[in-house]
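Observations on chain architecture
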Amino acid sequence: MTAETETSDAELLELMKAGNEEGLSALYRRRSRAVHRFALQMCGSQAVADDVTQEVFMALIREGNNYDPAKGTLHAFLLGIARNHVLRRLRRERFYVSIEENAAEHKADGQGPLADFSRGETIKSVRSAILTLPERYREVVVLCDLQELSYQEAAAALGCAVGTVRSRLHRARTLLIAKLRPSTEGEPAEVKSARCFA
Amino acid sequence: MNCQEFERVVRDLARAQASDRITNELLLPLDHAGMCPACELKLEEERELSRKLAAVASVSSVPSTFIEPALLQVYRQTTRKVGVAKAVPIFRRPVYWFAAAAAGLLLVFAVGILRSRLTTAQPGLSIAAVQRGEDAPTSAAVVIPSATSSRVETVNSSPPASDHRIKQRHSKRVSDRVEQQIAASALIEPQPEPEIATQFIALSAVGPLNLQDGGQIVRVELSRLAMASFGLPINMDRSGERVKADVLLSADGFARAIRFIQ
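Bear in mind that the values here come from a model prediction, so they are computed numbers and not experimental data.

Okay, the overall build of chain B next. A count of helical and extended segments in chain B gives nine helices and four strands. Along its sequence from the N terminus, chain B presents helices and strands in the succession α-α-α-α-α-α-α-α-β-β-α-β-β. In chain B, which comprises 262 residues, the proportion classed as buried is 23%. For chain B, the proportion of contacts with a sequence separation of at least 24, taken over those separated by at least 6, is 59%. Total accessible area on chain B is roughly 18,600 Å²; 60% of this is exposed by carbon and sulfur atoms.

This brings us to the packing of aromatic side chains. For the structure shown, the criterion picks out four aromatic pairs over all chains. Where A:Tyr67 meets A:Phe77, the ring centres are 5.2 Å apart and the plane angle is 50 degrees; that geometry is what we call tilted. Pair noted here: A:Tyr67 is in the loop between helix H4 (46-63) and helix H5 (74-92) and A:Phe77 is in helix H5, with a separation of 10 residues, a long-range link. On the basis of relative accessible area, A:Tyr67 is assigned to the buried category, the value being 12%. Each ring, one from B:Tyr96 and one from B:Trp97, has its centre 5.3 Å from the other, and the planes form 80 degrees; the classification is edge-to-face. Since its relative accessible area comes to 36%, B:Tyr96 is described here as partly exposed. The class of B:Trp97 is exposed, set by a relative accessible area of 52%.

Moving on, we get to helix H2 (residues 9-17) of chain A. Residues and elements named next belong to chain A. Within the sequence span of H2, burial applies to Asp9, Leu12, Leu13 and Met16. Down the axis of H2, the sector holding all buried residues measures 100 degrees, keeping them to one side. In the stretch just after H2, Gly19 is the one whose phi turns positive, near 105 degrees.

Within a sheet, neighbouring strands are paired by backbone hydrogen bonds and run either parallel or antiparallel to one another. All names here are of chain B. An order of S1-S4-S3-S2 is seen for the four strands of this open sheet, with the pairing classed as antiparallel. For this open sheet the edge positions go to strand S1 (201-202) and strand S2 (215-223), each flanked by a neighbour on one side alone. The pairing of S1 with strand S4 (residues 255-261) spans two bridges and is classified as antiparallel. Following the sheet pairing, Ala202 is matched in S4 by Ala257.

Below, the discussion takes up the state of the cysteines. Chemically, a disulfide is nothing more than a covalent bond linking the sulfur atoms of two cysteines. All names here are of chain B. This structure, assessed with the given rule, holds zero disulfides over all chains. Unpaired in this structure, Cys3 has its nearest cysteine sulfur neighbour in Cys39, at a distance of 3.5 Å. Free cysteine Cys39: the closest other cysteine sulfur is in Cys36, separated by 3.5 Å.

Reading the values: rules and limits
Residues numbered from 1 in each chain as written. Chains lettered and ligands numbered in written order. Predicted model: local features only at pLDDT ≥ 70, side-chain atom pairs only at ≥ 80, totals over all residues. Heavy atoms only, no water. Helix = DSSP H or I, 4+ residues; strand = E, 2+ residues; numbered from the N terminus. Buried < 20%, exposed > 50% of the residue type's maximum accessible area, 1.4 Å probe, protein only. Contact = heavy atoms within 4.5 Å. Areas by Shrake-Rupley, 256 points an atom, 1.4 Å probe, with all protein chains shown as cover. Phe/Tyr/Trp six-rings, centres within 6.5 Å; stacked < 30°, edge-to-face > 60°. Arc of directions from axis to C-beta. Pairing = 2+ DSSP bridges. Disulfide = S-S within 2.5 Å.

Here's what the structure looks like:
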């Protein structure tokens, strides 16, 4: 697979457009995990993530000509398509309650059962907190903090300005800190306005 | 650095610390956090969040194995369809034949319109030319058909015989068209019979009528006996018939004069 690692995404796309099956195959192996992870972190469902991954590459087969290298990397382009599909799914399925599923089981890292359990609980709580964020904040957290994209790449994927990404990320992280704060400290976090009748 | 500036870079600082990528630019905010307890607490929270997010990011997810073969199958079908479309020669495509038929119809339609315009426009020009007595290219041969054209031929004997024949044919064609046009116009618009009218006879003894003030002529029908009151002769055999007359009305609406029409 040296050819895969040496060839750039754009070259693989050109190969694919020229009718070379290997181009698509290499591109899929290189980028499918990131797309799948993004979809999974956005919606928390393995089945939806699979569907979105398939749809993203189907779109690439059909509309690969729409990619403009001047607007950003192919990675950002694919994540942009994935984002559109995820948002569509979320809007369509907002009336349904998902059954708890272990989206992607984290593997034990060999630091003992207690550490593994603790880590598992942390991941679970963070995932739950991310899934409760509004979509516009969730996507920047997923792109910038979980996918480790730069602000520019995230802006290209979301189709907005870099400043917007920064401000949304600031707000999203503030919300996440509030949500993940331990309950003993975080009890009075949600302050509701009250009127004094005295 | 103050707390507000620290607030702006705290996220980058926390992320950099979580990934051990501290740059020189971030040293100054780090110093500020060492001095300000509130900012240090904020940095600690951000660092903790970055650590948790890194734990989530480290969890790998793999798409299902059936996706890749399904995609490749779709890709093969797509490329095969494109290939088949390319292999069909252009003259075997139905679109080509539809386009050709449409173009042919358009051509026939355009030629028809052009021909009809030429046939209607050219005689008109000839008639105008005949009436004006000009139009150099057709010359006298166009104006006078048959008998005189032979005279023209005898006079102008200098051009070759074939030229003469062409001219003769052309002039005959044009004169035929002129005749057809005249006959057609005669059929379409029948000429009204010429009217014979008497002079206007004054009806009232007022001053001279100034026509610049306005007025109108009204066509009426009267009994033939009315002619007698103006001193005009009447055929007594036709005294029961009616006769047409034009009555001249002045601007004030009074009848000023009358003439009889036959």
